[in-house]
Amino acid sequence: MNTNDQIKLNVTEIQRFCMHDGPGIRTTVFLKGCPLRCAWCHNPETQKAAGELLFNPKRCIGCRACEVACENGVHGGSEHHTVTRALCRVCGACVAACPTGALELCGREMSVEQIFAEVEKDRAFYGVTGGLTLSGGEPFSQGRAAISLLRLCKERELATAVETCGYFDGALLADAVDFTDLFLWDVKDTDGERHKRYTGVSNERILNNLALADTLGARIRLRCILVRGVNTEGEHYRRIAKLAGSLSRLDGVELLPYHAYGGSKATLLGFADNGRVEWIPTAEQIEDAKRCIADHGVKIL
Amino acid sequence: MTFYAPNNYNRPIRLSKSTRQFAHDSLDHKYGLDTRKTLGVCLDGLANFEQMTPLEQYDTAIERIAREAPIRICKDEKISGAATLGLAIGHYVPATYREKPIYSSVSHLTVDFETVVRHGILHIRKNAERSLERYRGTEREAFLQSCLHCLDAFDVWHRRYLDALREMPAYESNYKNLQRVPQKPAANFYEAVQSIWFTFAFLRLCGNWPGIGRIDYLLGDYLKKDLANGTLTLDEAREILAHFFIKGCEWVSGGNYGSGDAQHYQNILLCGVDENGEEVTNEVTFLVLDILEELGISDFPTSVRLNRNTDEKLLRRVAEVMRYGGGILAVYNEDLVIEALVRDGYDLREARKFANDGCWEVQIPGKTFFTYFPFDSLQTFQKKTLQDYQGDVAFDNFKALYRQYIKDLEVELLQIFQNIQKKFITAGAPTKDWKWLPQTPCTVVSLFEQGCIEKGLSYFEGGPVYNVTSPHIGGLADVANSLYAIQKLVYEEKKLTLNELLTILKNNWEDNEPLRQYALHHYAYYGNDNDEVDLLVTRILNDFSNTCNSFNGKCGYRFPAGVSTFGRQLEWAPYRGATPYGKRAEEVLAANCSPTPGTDTSGATAIICSYCKAELVRLSCGAALDLKLLPTSVLGEDGLQALMGLMRGFVELGGFFMQPDVADPDILRQAQKDPENYQTLSIRVSGWNARFVTLNKVWQDMVIEQNEH
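Residues numbered from 1 in each chain as written. Chains lettered and ligands numbered in written order. Predicted model: local features only at pLDDT ≥ 70, side-chain atom pairs only at ≥ 80, totals over all residues. Heavy atoms only, no water.

### Remarks on the environment of K407 of chain B
Residue and element names in this part refer to chain B. Inspection of the secondary structure assignment puts K407 in helix α16 (residues 398–421). Here K407 falls in the partly exposed class, since its relative accessible area comes to 49%. Through-space distance from the C-alpha of K407 to that of A519 is 26 Å; in sequence the pair is 112 residues apart. (Helix = DSSP H or I, 4+ residues; strand = E, 2+ residues; numbered from the N terminus. Buried < 20%, exposed > 50% of the residue type's maximum accessible area, 1.4 Å probe, protein only.)

### Quick look at helix α5 (residues 144–155) of chain A
Residue and element names in this part refer to chain A. The end-to-end C-alpha separation of α5 is 16 Å, in line with the 16 Å expected for twelve residues at 1.5 Å each. Of all the positions in α5, only A145, A146, I147, S148, L149, L150, L152 and C153 are classed as buried. Those residues of α5 hidden inside the fold are in contact with β1 (8–18), β2 (26–31), α3 (112–120), β8 (131–135), β9 (159–164) and α6 (173–178). E157, located one to two residues past α5, shows a positive phi value of around 60 degrees. (Expected span 1.5 Å × (residues − 1). Contact = heavy atoms within 4.5 Å.)

### Examining the packing of aromatic side chains
All names here are of chain B. For the coordinates displayed, the defined rule picks out 49 aromatic pairs over all chains. Each member of the aromatic cluster is reached from another via a ring pair, and the members are Y332, F354, W360, F370, Y372, F566 and F657. Note that R204 overlies the ring of W209, its terminal NZ or CZ placed 3.9 Å from the centroid. When the ring centre of F286 is taken as reference, the NZ or CZ atom of K313 above it lies at 4.7 Å. (Phe/Tyr/Trp six-rings, centres within 6.5 Å; stacked < 30°, edge-to-face > 60°. Lys NZ or Arg CZ within 6 Å of the ring centre and 35° of its normal.)

### Concerning the nonpolar core
Counting residues in each nonpolar core, the largest one holds 309 residues, and the members touching the most others are L222 of chain A together with F189, L241, F244 and F245 of chain B. Ignoring any residue separated from it by four or fewer positions in sequence, one finds F245 of chain B in contact with I215, I268, V288, I291, L292, I297, D299, F300 and T302 of chain B. Of all hydrophobic cores here, the second largest spans twelve residues; its members include C34, L36, W40 and Y198 of chain A. (Core = buried A, V, L, I, M, F, W, Y, C linked by side-chain atoms within 4.5 Å.)

### Observations regarding the domain arrangement of chain B
All names here are of chain B. The domain architecture assigned to chain B consists of domain 1 (1–7 + 249–361 + 625–709), domain 2 (38–212) and domain 3 (368–601 + 614–620). If you average the C-alpha positions of domain 1 and of domain 3, the two centres end up 25 Å apart. Contacts between the two partners involve 27 residues from domain 1, matched on the other side by 27 residues from domain 3. For the pair domain 1 and domain 3, the summed buried area comes to about 2,100 Å², and 61% of that belongs to carbon and sulfur atoms. Put simply, domain 1 and domain 3 have zero salt bridges between them. Between domain 1 and domain 3 we count five residue pairs in polar contact (both at pLDDT 80 or more) in total. The set of elements that each furnish at least two residues to the side of domain 1 that touches domain 3 consists of α13 (334–343), β15 (622–629) and α27 (697–707). For the side of domain 1 that touches domain 3, the class distribution of residues is twelve nonpolar, seven polar and eight charged. (Domains from an automatic or database assignment. Buried area = accessible area lost by both parts, 1.4 Å probe. Salt bridge = Lys/Arg side-chain N within 4 Å of Asp/Glu carboxyl O. Polar contact = N/O pair within 3.5 Å; in protein donor to acceptor, adjacent residues only side chain to side chain. Nonpolar A, V, L, I, M, F, W, Y, C, P; charged D, E, K, R; others polar.)

### Some details on the interface of chain A and chain B
Taken together, the contact between chain A and chain B spans 23 residues of the former and 27 residues of the latter. Of all residues in chain A, F17, A124 and F125 of chain A bury the most surface against chain B, accounting for 32% of the area lost on that side. Viewed at the interface, chain B and chain A are joined by one salt bridge. Its salt-bridge partner being R16 of chain A, residue D529 of chain B comes within 2.9 Å of it at the nearest N-O pair. Counting every contact that joins chain A to chain B gives six residue pairs in polar contact (both at pLDDT 80 or more). Breaking the side of chain A that touches chain B down by element, the ones donating at least two residues are β1, α2 (93–97) and α4 (123–126) of chain A. Here the side of chain A that touches chain B gets three residues from one element, more than from any other, and that element is α4 of chain A. Its residues assigned to classes, the side of chain A that touches chain B comprises 13 nonpolar, six polar and four charged.

### Description of the sheet that holds strand β3 (residues 100–101) of chain B
Residue and element names in this part refer to chain B. If you trace the three strands from one edge of the open sheet to the other, you get β1-β2-β3, paired in mixed fashion. Here the strands that pair on one side only, and so sit at the sheet edges, are β1 (41–42) and β3. In this structure, β1 lies alongside strand β2 (residues 95–97), joined through two bridges in parallel fashion. Residue pairing in the sheet places V41 in a bridge with A95 of β2. (Pairing = 2+ DSSP bridges.)

### Notes on the packing of helix α9 (residues 215–229) of chain B against helix α10 (residues 234–248) of chain B
Residue and element names in this part refer to chain B. Packing of α9 against α10 leaves a shortest axis separation of 11 Å and a crossing angle of 150 degrees. Here α10 runs roughly antiparallel to α9, going by the angle between their axes. In the crossing of α9 with α10, the sense of the turn from one axis to the other is right-handed. Residue-level inspection shows I215, L219, L223 and L227 of α9 in contact with α10, the latter providing L234, A237, L241, F244 and F245. Residue classes in the contact of α9 with α10 are distributed as nine nonpolar, no polar and no charged. (Axes fitted to C-alpha atoms, helices over the stretch in contact; angles between N-to-C directions. Parallel < 35°, antiparallel > 145°, perpendicular 65-115°, else oblique. Left-handed = near helix turned anticlockwise from the far one by under 90°.)

### Describing unusual backbone geometry
Residues and elements named next belong to chain B. Of note, the bond from V181 into P182 is cis; its omega dihedral lies within 30 degrees of zero at 5 degrees. With respect to the secondary-structure elements, P182 resides in the loop between α7 (172–180) and α8 (189–205). Note that the residue after D299, namely F300, is joined by a cis bond; omega there is 5 degrees. Positionally, F300 belongs in the loop between α11 (283–295) and β8 (302–306). With phi around 65 degrees, D76 is a residue other than glycine that occupies positive phi space. Following the sequence through the fold, D76 ends up in the loop between α3 (54–68) and β2. A positive phi angle is found at H91, which is not glycine, with a value near 70 degrees. In this structure H91 comes out as partly exposed when scored by relative accessible area, which is 27%.

### Quick notes on a positive patch on the surface
Residue and element names in this part refer to chain B. Among the surface-exposed residues, K399, R403, K407 and R539 lie close enough to one another that they form a single positively charged patch. For the positive patch, the leading source of residues is α16, giving three residues. Relative to the elements of secondary structure, R403 occurs in helix α16. (Patch = residues over 30% accessible without salt bridge, like charges linked within 9 Å, V, L, I, M, F, W, Y side chains within 5 Å. Areas by Shrake-Rupley, 256 points an atom, 1.4 Å probe, with all protein chains shown as cover. Lys, Arg positive; Asp, Glu negative; His and termini not counted. Charge placed at Lys NZ, Arg CZ, Asp CG, Glu CD.)

### Focus: the sheet that holds strand β6 (residues 213–214) of chain B
Residue and element names in this part refer to chain B. With respect to topology, nine strands assemble into an open sheet ordered β6-β7-β8-β9-β16-β15-β14-β13-β12, the strand pairing being mixed. The sheet terminates laterally at β6 and β12 (368–376), the two strands that pair on one side only. Strand direction decides the pairing type here: β12 and strand β13 (residues 466–474), joined by nine bridges, are parallel. Note that in β13 the partner of F373 across the bridge is P471. Of the strands in this sheet, β12 and β13 are in contact with helix α15 (residues 377–385), which crosses β12 at around 35 degrees.

### Points about the environment of H149 of chain B
By the element assignment, H149 of chain B lies in helix α6 (residues 141–166). Separated by 365 residues in the primary sequence, H149 of chain B and P514 of chain B place their C-alpha atoms 69 Å from one another.

### Description of the side chain of E254 of chain A
Note on placement: E254 of chain A falls in strand β12 (residues 250–257). In this view, E254 of chain A contacts H20, R221, L222, R223 and C224 of chain A; residues no more than four positions away in its chain are not counted.

### Let's talk about the domain arrangement of chain A
Residue and element names in this part refer to chain A. Its domain assignment divides chain A into domain 1 (8–49 + 107–294) and domain 2 (52–106). Taken together, the contacts link ten residues of domain 1 with eight residues of domain 2. When the buried surface of domain 1 facing domain 2 is broken down by residue, G107, L268 and L269 rank first, second and third, together holding 64% of it. Taken together, the links from domain 1 to domain 2 amount to two salt bridges. Note that E52 is salt-bridged to K48, the shortest N-O span being 4.0 Å. Joining domain 1 to domain 2, the criterion identifies four residue pairs in polar contact (both at pLDDT 80 or more). Here the side of domain 1 that touches domain 2 is built from residues that sort into two nonpolar, four polar and four charged.

Here it is in structure tokens:
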């Protein structure tokens, strides 16, 4: 059997002192890889499972240290720094040479034990509420390795939460529920057709997994993104309320208004900024959604 | 009538309309502007003034102040007494001779309000008379005569208030209380509040800045008794206490030209154990928190003593008030503070009594002479160790560089010590009875410091039970970061030689932007929970505190080590060169024991972890951590849990003192442009709070920079 030193996870970032990823003070571990391709993705750098190079032109001072360091001719351009990603082998040589931090590698292998050591650093602050939040990407896209981290946390008496899109192999759930104190379960849309159009996958598996998790005794917080003009409608809210009402250990429903920051993150990967201001819901729409759902007796967080 | 709050939080309303109006007027600097109208008394008419001894001059000034200072009775005030002379704001005894203030006044001490409130001024007078008999005919007689003169002056001023109030039926209870206190022991809560305030106001009137100390400890028993007797309700008690805090918050300028415009600045302390180890927290504690929450009063700045057993309910209440921002509440970890004091030689029962002075340094209240000597350890490093970047500096390895720096630090401290030693007549020869050379008169504070009357010696001349002068190291994070960058760039990665680096620094990083960026971004500096650099901070502090301790016993003072800059990082900036970790010359760098602005990128918990790694228990004078939080990170129940978690971690990891503030740099920038609409927006500066709009541009910019995330 593999030990926690040998089991590896592909991590994009470990963020301490997170306040919005579950109760209390959390350390959020972002894992790489996601089966969904949401049009509004807030963390596009976590979509692909493989490592990627991030480039932030705002921090580039044009020193060309990367050009010298790279053996594959990725970096060039005469006036502006250009990145030819097709040539990149994600070796990290340019990142080490870049003085400003304009270049970053997204995705690094860490053992479960190494990750735990990072999470452990803030134990004094967690109290009884805070702890680890596993996020991403879709944490369970890394399968049993993710569960190993959750298990280790529970063995060492640390609270755990998982942010999931719900789209993963349901066979993982039996163990996942055992080692997860709270699921932050995304329901992007309750309309199957729209779900497929905007995320690339059907929501059937997500809802099946949700039902299974509930049967297995999971404590669940539903997280629902509000995208203006896409899912800001009463029928959706009614179905959210119904879904929430069906869960036996519901923590509450959290509404996440769309924001456009994910769009600027896409530029780090070489894509155009796909943030869409017209998708940001108005304050009234947010209140309306809260009211609609709360009217069905569901707790809004 | 609203009091500023971030996030559009509504402050709760518990106080009466008239009390809220009083607060509003006071926070709108109505009374503060009044204080500046009369600067002080003028002694020019005294023909024999120049022939008088300093003590006689001082006594004359105090007597005239008591007789002539304007009496102020604010509309609807429930307690009376006010320090109404403007020179007191400038740290002077408010009396002039030939247009110059005659003496400076005393600050950074917390006086013995416990004796005042429990035994009364008459008790102090009796002690002074007894002591005078004992020392009659000795050189100490003059000081004790001065004590009686100053007590007489206090009586004069007191009678003037009684005379004024007697004619004002609306102030009947003020008059009734002042007929008994502060002369006699307070008999109930209302009298106790009046007793402390009136004595504070007199001390302040005479120019001094006395800290209040542990107000819930001082008042708790009185309130308990009144509540049990049914003579007072909690709501009534809250009103009375609110007036104490409103009177304590007097903004004096209305303009912006410095480090804030509070008249009093004196810290107040809540909670913690008493001398027997029993928790003090009582109804008064929660009333104070109610008042701060409702009125957003940020001067008096208030601190809370936390420990491992701090009750969840209290911690939650503290977090609730803290998240309104304004720097209103700061916290001590008393477990560590008490241990530090015991290690420093204090008896455990004494150590448990600790309070802050007017600022955040700790001392045994009412028993301690205190002063501190700040110095910039970054300049020591740049100008001495690295020879001002001028010469050919060679160190074989990092260890040699570090050793030289500590040697330079020791020289700096020795100079501080030798200057202090000059205050003594018998300096150098070990003795138990150090004798001070005559110092500036300071009789008024001496009345309220145990030991002075008993020994017949003033506050400045060895009177108090404990005499403390604390060297304060500044620029700590900047030196550690500088050393760390050199260790990496020069000795480990060998990117360049030390002399090459120094040439670059001498040229202020000119034409070396890639290397500067590399130094800034490739290493995790102090405040990011990186053991390598945090260990450097620990080593510097250990070497520093060892040197300070080596002076103990060599003159009449103890030399506990402390860490501070207060606002001096501004004054020091023009004298500082470029730093090896990528900052340019003359930048405003780290405050107190906090990270250098812009170098802490791992969040609040990492900052606390870095800070707590130092052996803070060796620094019995204190080391302050400033923690800046965004309003969005303290929203809702999650935000409360976050603040509670931060405080819990701070205690568990062994912090000393932490001053969190909740401020949004965007809002601060808005306030800079539009001061009229942000008159009551207060922020934590260092050991004190200030209305943001009254800071000058340089201070404002520094505060904004510190709040950037």
